[in-house]
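Okay, here's what each chain looks like letter by letter:
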Amino acid sequence: MEKLEHGTAVEVIPYPCRVKCIAYGRDVIHYDNEELRKELDDQGVDEVHRITKKVGDERINTPLLVLTIRGTSRPEYIFFGFLRCPTRPYYPSPMQCFGCWSFGHTKARCKAQNCICGNCSGTHPINEDRRCDLPKFCGRCNSDQHGISSRSCPGYKAENDVQRIKVDHGCTYPEARRILQQEKRNVGSYAEAAQRNLTPANQPTQPTPVVDDVSAILTEMRTMRKELESLRLEVQTLRIENEQLKGNRTAKAPSPRSNFSPQKHHDAHSSADIQDNI
């Protein structure tokens with residue numbers, strides 16, 4: 001409990017921030033969810049949900065666990081005893097109504113008066129035990145290639161991209177939708193943006209084809225060869241200019257002095273005149 005300035009007592013309750021992630025634990029496949037939650041409580045795990053699959057008439061456990069972690073960021077690893085298991089982001093499926101097939105609400109909160117067929121988008125009486133025999137038609141995108149309930153519908157794919165952006169960027173649903181619209185204006189779709197730019201940490205990058213690498217190397221070698229040839233011509237030109245400068249300096253330089261000395265020549269004449277006079 002804390003008090004305000006005028007003495008009113010208030011109780012401070014931290015905001016329950018939660019983040020979900022997926023962990024793969026094959027060695028704990030036979031443990032139930034509550035037992036795992038108690039074992040992982042000291043690592044900040046609040047809830048454990050195991051993903052199951054239907055085989056025949058029964059459901060069996062899979063090694064995939066959806067963990068709800070206290071906090072705002074998922075841990076890189078979760079320890080099951082001495083086993084260290086890496087985690088990856090959990091992307092929830094879009095919330096879709098099975099009555100009107102719109103997004104953002106469930107069938108229990110749907111306000112539509114009539115249910116829509118997931119196959120032909122019609123409003124005829126729907127029998128859950130019998131499949132619609134009419135041709136497929138999607139009333140969302142006006143396409144006869146799939147039904148409105150199909151996950152191959154561009155509308156469903158867009159909602160799925162919104163959920164991925166929401167998890168990757170840690171933003172709200174309206175902000176994620178604005179980011180998706182911006183990505184579509186720039187590169188076409190969020191999937192293409194993830195492949196061309198920064199891929200999420202949980203998706204492996206595609207290897208570069210070897211043919212492209214060889215072509216790039218050959219192009220770079222040709223460019224370097226041209227640069228080396230240009231440098232060789234420049235060095236040759238500078239060498240010729242240097243030799244020409246040396247030749248000009250040699251031509252202008254004075255001839256070397258002989259051993260003749262005017263003073264010695266004058267002295268020699270003086271000595272000869274003295275001899276003659278004698």
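Residues numbered from 1 in each chain as written. Predicted model: local features only at pLDDT ≥ 70, side-chain atom pairs only at ≥ 80, totals over all residues. Heavy atoms only, no water.

### Topic: the overall build of the protein
Looking only at helices and strands, one finds six helices and seven strands in the protein. Of the regular secondary structure in the protein, the N- to C-terminal order runs β-β-β-α-β-β-β-β-α-α-α-α-α. The proportion of buried residues among the 278 residues of the protein is 22%. Considering only residue pairs separated by 6 or more positions, the protein has 41% of its internal contacts joining residues 24 or more positions apart. In the structure as shown, the protein presents an accessible area of about 21900 Å², 52% of it carried by carbon and sulfur atoms. (Helix = DSSP H or I, 4+ residues; strand = E, 2+ residues; numbered from the N terminus. Buried < 20%, exposed > 50% of the residue type's maximum accessible area, 1.4 Å probe, protein only. Contact = heavy atoms within 4.5 Å. Areas by Shrake-Rupley, 256 points an atom, 1.4 Å probe, with all protein chains shown as cover.)

### Looking at the pattern of salt bridges
When their charged atoms lie close together, side chains carrying opposite charge are able to pair. The final tally for this structure, using the stated rule, is seven salt bridges. The shortest N-O distance in the salt bridge between glutamate 34 and arginine 37 comes to 2.8 Å. Residue glutamate 34 and its partner arginine 37 are located together in helix 1 (residues 33-39), separated by three residues, close to a single helical turn. Across the pair aspartate 133 and arginine 130 runs a salt bridge, and its minimum N-O distance is 2.9 Å. The burial state of aspartate 133 is the same as that of arginine 130; both residues are exposed. Here the salt bridges share partners, and the residues they tie into one network are Arg18, Asp41, Asp46 and Arg70. (Salt bridge = Lys/Arg side-chain N within 4 Å of Asp/Glu carboxyl O.)

### Thoughts on helix 2 (residues 154-169)
Given 3.6 residues to a turn, an α-helix orients residues that are three or four positions apart in the same direction. For helix 2, built from 16 residues, the straight-helix expectation of 22 Å at 1.5 Å per residue is met to within 8% by its first-to-last C-alpha distance of 22 Å. Of the positions making up helix 2, those classed as buried are Tyr156, Ala158, Glu159, Asp161, Val162, Gln163 and Ile165. Backbone geometry just after helix 2 places glycine 170 at a positive phi near 65 degrees. (Expected span 1.5 Å × (residues − 1).)

### Comments concerning a negative patch on the surface
Taken together, the side chains of Asp32, Glu35, Glu39 and Asp42 present a region of like negative charge at the surface. For glutamate 39, the location among the structural elements is in helix 1. Judged by relative accessible area, which is 56%, glutamate 39 ranks as exposed. (Patch = residues over 30% accessible without salt bridge, like charges linked within 9 Å, V, L, I, M, F, W, Y side chains within 5 Å. Lys, Arg positive; Asp, Glu negative; His and termini not counted. Charge placed at Lys NZ, Arg CZ, Asp CG, Glu CD.)

### Quick look at the sheet that holds strand 6 (residues 77-80)
One open sheet accounts for five strands, arranged 4-5-3-7-6; its pairing is antiparallel. Strands at the two margins of the open sheet, each flanked by one partner only, are strand 4 (45-55) and strand 6. Strand-to-strand, the axes of this sheet are offset by a mean angle of 40 degrees, without reference to chain direction. Bridging between strand 6 and strand 7 (residues 83-89) involves four bridges; their strand directions are antiparallel. Bridging from a neighbouring strand, phenylalanine 80 pairs with leucine 83 of strand 7. (Pairing = 2+ DSSP bridges. Axes fitted to C-alpha atoms, helices over the stretch in contact; angles between N-to-C directions.)

### Some words on the nonpolar core
Of all hydrophobic cores here, the largest spans 14 residues; its most connected members are Leu40, Val45, Val48, Leu65, Leu67 and Phe80. Going through the elements one at a time, strand 3 (18-24), strand 4, strand 5 (58-70) and strand 6 are the ones with two or more residues in this core. Every residue in contact with valine 45, bar those within four places of it in the chain, is listed here: Arg37, Leu40, Leu67, Thr68, Ile69, Arg70 and Ile78. Core analysis: the next-biggest nonpolar cluster, separate from the first, contains six residues, Ala158, Ile165, Cys171 and Leu180 among them. (Core = buried A, V, L, I, M, F, W, Y, C linked by side-chain atoms within 4.5 Å.)

### Considering the packing of aromatic side chains
Considering all chains together, one arrives at two aromatic pairs under this definition. On the basis of an interplanar angle of 65 degrees and a centroid distance of 5.4 Å, the ring pair of phenylalanine 98 and tryptophan 101 is categorised as edge-to-face. For phenylalanine 98, a relative accessible area of 57% gives the class exposed. For tryptophan 101, a relative accessible area of 12% corresponds to the buried category. Plain terms: the ring middles of phenylalanine 103 and tyrosine 156 are 6.2 Å apart, the flat faces sit at 45 degrees to each other, and that makes the pair tilted. In this pair, phenylalanine 103 is assigned in the loop between strand 7 and helix 2 and tyrosine 156 in helix 2, connecting sequence segments 53 residues apart. (Phe/Tyr/Trp six-rings, centres within 6.5 Å; stacked < 30°, edge-to-face > 60°.)

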